Amino acid sequence: MTFPKDLKYTKDHEWIRVSGEEAVIGITDFAQRELGDIVFIDVNTVGDDVAQDEVFGTVEAVKTVSDLFMPVAATVLEVNDKIDSSPELVNQDPYGEGWLVRVKLNNAAEVEGLLSAADYEAQVAV
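All values reported here derive from a predicted model rather than from experimental measurement. (Residues numbered from 1 in each chain as written. Predicted model: local features only at pLDDT ≥ 70, side-chain atom pairs only at ≥ 80, totals over all residues. Heavy atoms only, no water.)

Caption draft 1: Region of interest: the side chain of T10. By the secondary structure assignment, T10 is in the loop between β1 (8-9) and β2 (14-19). Here E14 takes part through its side chain, which lies 2.9 Å from a polar atom of the side chain of T10. Setting aside residues up to four positions removed in sequence, T10 forms contacts with P71, L114, L115 and Y120. (Helix = DSSP H or I, 4+ residues; strand = E, 2+ residues; numbered from the N terminus. Polar contact = N/O pair within 3.5 Å; in protein donor to acceptor, adjacent residues only side chain to side chain. Contact = heavy atoms within 4.5 Å.)

Right, here's the structure in full:
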């Protein structure tokens, strides 16, 4: 499993990559492995302000459906259009082509409260 050090993580297995006032969000390598084959991503919050830890969508795998939680308060700007036709990208490249949403941060200071790569790796280590 990989844990890129340039990302911040949540206890709910989302990651965030911040660039200025915007960020890209996805699910971690650990999460996609736990879910198994992902068949559908549903995000219907484009244009919405979503509070930290609120649900912004769902990810459906062959065996289960799981909520997606917003790592920080943000406005959802766009959904990765590649995952509509190819949801398996989340399994194949969770930190790259399989990103989920691009957001505008409402409070950049919240990012500092998230887990570092080392902290997240320690959380999921069994």
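Caption draft 2: Here's a closer look at the sheet that holds strand β8 (residues 74-79). Spatial strand order, β1-β2-β3-β9-β8-β5: six strands in an open sheet with antiparallel pairing. Only two strands of the sheet have a single neighbouring strand rather than two, namely β1 and β5 (49-50). Both β1 and β2 contribute to a ladder of two bridges, which runs antiparallel. Across the sheet, the residue bridging to K8 is I16, located in β2. (Pairing = 2+ DSSP bridges.)

Caption draft 3: View of helix α4 (residues 117-124). Looking only at α4, the buried set comprises A117, Y120 and V124. Projected down its long axis, α4 carries its buried residues within an arc of 65°, all on one side. Among the exposed residues of α4, those pointing more than 90 degrees away from its buried face are A118 and A122. Buried positions along α4 lie against β1 and α1 (29-35). (Buried < 20%, exposed > 50% of the residue type's maximum accessible area, 1.4 Å probe, protein only. Arc of directions from axis to C-beta.)

Caption draft 4: Fine view of a nonpolar patch on the surface. Together, V39, F40 and V62 give the surface a local cluster of nonpolar side chains, amounting to about 280 Å² of exposed area. In this fold, F40 is placed in strand β4 (residues 38-42). On the basis of relative accessible area, F40 is assigned to the partly exposed category, the value being 42%. (Patch = residues over 30% accessible without salt bridge, like charges linked within 9 Å, V, L, I, M, F, W, Y side chains within 5 Å. Areas by Shrake-Rupley, 256 points an atom, 1.4 Å probe, with all protein chains shown as cover. Salt bridge = Lys/Arg side-chain N within 4 Å of Asp/Glu carboxyl O.)

Caption draft 5: Looking closely at unusual backbone geometry. Positioned with a positive phi, H13 is a non-glycine residue whose angle comes to about 80°. Along the chain, H13 turns up in the loop between β1 and β2. With a phi close to 75°, D53 is a non-glycine residue in the positive phi region.

Caption draft 6: Spatial organisation of the pattern of salt bridges. Applying the stated criterion across every chain, the model contains seven salt bridges. Salt-bridge contacts for E21 lead to K104; the nearest nitrogen and oxygen are separated by 3.3 Å. Of this pair, E21 sits in the loop between β2 and β3 (22-27) while K104 sits in strand β9 (residues 101-105), and the two are 83 residues apart along the sequence. Note on E21: relative accessible area 56%, which makes it exposed. Judged by relative accessible area, which is 36%, K104 ranks as partly exposed. The residue E78 makes a salt bridge to R102 at a minimum N-O spacing of 2.6 Å. Here the residue E78 occupies a position in strand β8, and R102 occupies one in strand β9, the gap between them amounting to 24 residues. Classification of E78 as partly exposed rests on a relative accessible area of 31%. Given a relative accessible area of 25%, R102 falls into the partly exposed group. Residues joined by salt bridges that share partners form a network here, namely E22, E78 and R102.

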